[in-house]
Structure formats: structure tokens, C-alpha cells
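# Remarks on the overall topology
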Amino acid sequence: MIRVTRTAEPAALRRNRARWQAALDSATSPEARQKAQAKYRHADVQAALRALFDGNCAYCESKFDHVAHGHIEHFRPK
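Since this is a predicted model, take the numbers as computed values, not measurements. (Residues numbered from 1 in each chain as written. Predicted model: local features only at pLDDT ≥ 70, side-chain atom pairs only at ≥ 80, totals over all residues. Heavy atoms only, no water.)

For the rest of this paragraph, the subject is the confidence of the model for the protein chain. Confidence along the protein chain averages 81 in pLDDT terms, with 81% of residues attaining 70 or more. Mean pLDDT per element in the protein chain: helix α4 (residues 64-67) is the minimum at 66, and helix α1 (residues 11-26) is the maximum at 92. (pLDDT = per-residue confidence, 0-100. Helix = DSSP H or I, 4+ residues; strand = E, 2+ residues; numbered from the N terminus.)

Inspection of the secondary structure assignment puts A22 in helix α1. On the basis of relative accessibility, which here comes to 42%, the residue A22 falls in the partly exposed class. (Buried < 20%, exposed > 50% of the residue type's maximum accessible area, 1.4 Å probe, protein only.)

Each α-helix winds once per 3.6 residues, and so residues spaced three or four apart point in a common direction. The end-to-end C-alpha separation of α1 is 23 Å, in line with the 22 Å expected for 16 residues at 1.5 Å each. Of all bends in α1, the biggest is about 70°, found at R17. Along α1, the residues classified as buried are A12, L13, N16, W20 and L24. Considering only its buried residues, α1 is in contact with α2 (30-38) and α3 (43-52). (Expected span 1.5 Å × (residues − 1). Bend = angle between axes of the 7 residues up to and from the residue. Contact = heavy atoms within 4.5 Å.)

Every buried residue of α3 is accounted for by V45, Q46, L49 and L52. Seen from one end, α3 has its buried residues packed into an arc of 125°, which puts them on one side. Exposed residues lying more than 90 degrees from the buried face of α3 are A43 and A51. Here the buried face of α3 lies against α1. (Arc of directions from axis to C-beta.)

Turning next to the side chain of N16. Examined against the element boundaries, N16 turns out to sit in helix α1. Of note is the side chain of N16, whose polar atom sits 2.3 Å from the side chain of R19. (Polar contact = N/O pair within 3.5 Å; in protein donor to acceptor, adjacent residues only side chain to side chain.)

Counting eleven residues, the largest nonpolar core consists of A12, L13, W20, L24, A36, Y40, V45, L49, L52, F53 and A58. Among the elements of the structure, α1 and α3 are those that each provide at least two residues to this core. Tallying contributions element by element places α1 first for this core, with four residues. (Core = buried A, V, L, I, M, F, W, Y, C linked by side-chain atoms within 4.5 Å.)

Our next topic: the pattern of salt bridges. Two side chains with opposite charge may pair up if their charged atoms get near one another. Following the criterion strictly, the structure yields one salt bridge and no others. Across the salt bridge formed by R17 and E9, the nearest N and O atoms sit 2.0 Å from each other. You can call R17 partly exposed: its relative accessible area is 43%. (Salt bridge = Lys/Arg side-chain N within 4 Å of Asp/Glu carboxyl O.)

Structure below.
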């Protein structure tokens, strides 16, 4: 496992944190939860995660563009 030094949170996450978290907390169905989680696929968030993990999956350390399409669950389990 590689050591990861946390960086500053992406601007999109900082701006939308409360609203996105409220949507996630109030989701009552699997569809609503999936829709709320989709907000974390924002380009700023993905770019920050790519930089943080050097383009690797946080779990298996493979280059995630080689094993998937950069889904957020490769950084945070479902």
C-alpha cells in the first residue's frame, strides 16, 4: 500500500459540500442515493483524486484508466 498525503479539497467539493451531503443524507431509495452520489463525479473531484493517487486505484494500485473508466468507487467503496 502506498502512502498518501492529503491535499486541499477540490473547489467544487468545498462549494457544494453541505448541499451534496444533505442530498445524500435525505436519499430514501437506492435510485436517489445513486443520484446523490453521482455528484461526486464532478470533474474537479475526479482531477483531485487522480492527482492524489497518482492515477492509480486506491485499492489495487493499478492505473485505473487501464482497469476501469475512473469511477469514483475506485477511490471510495460503495
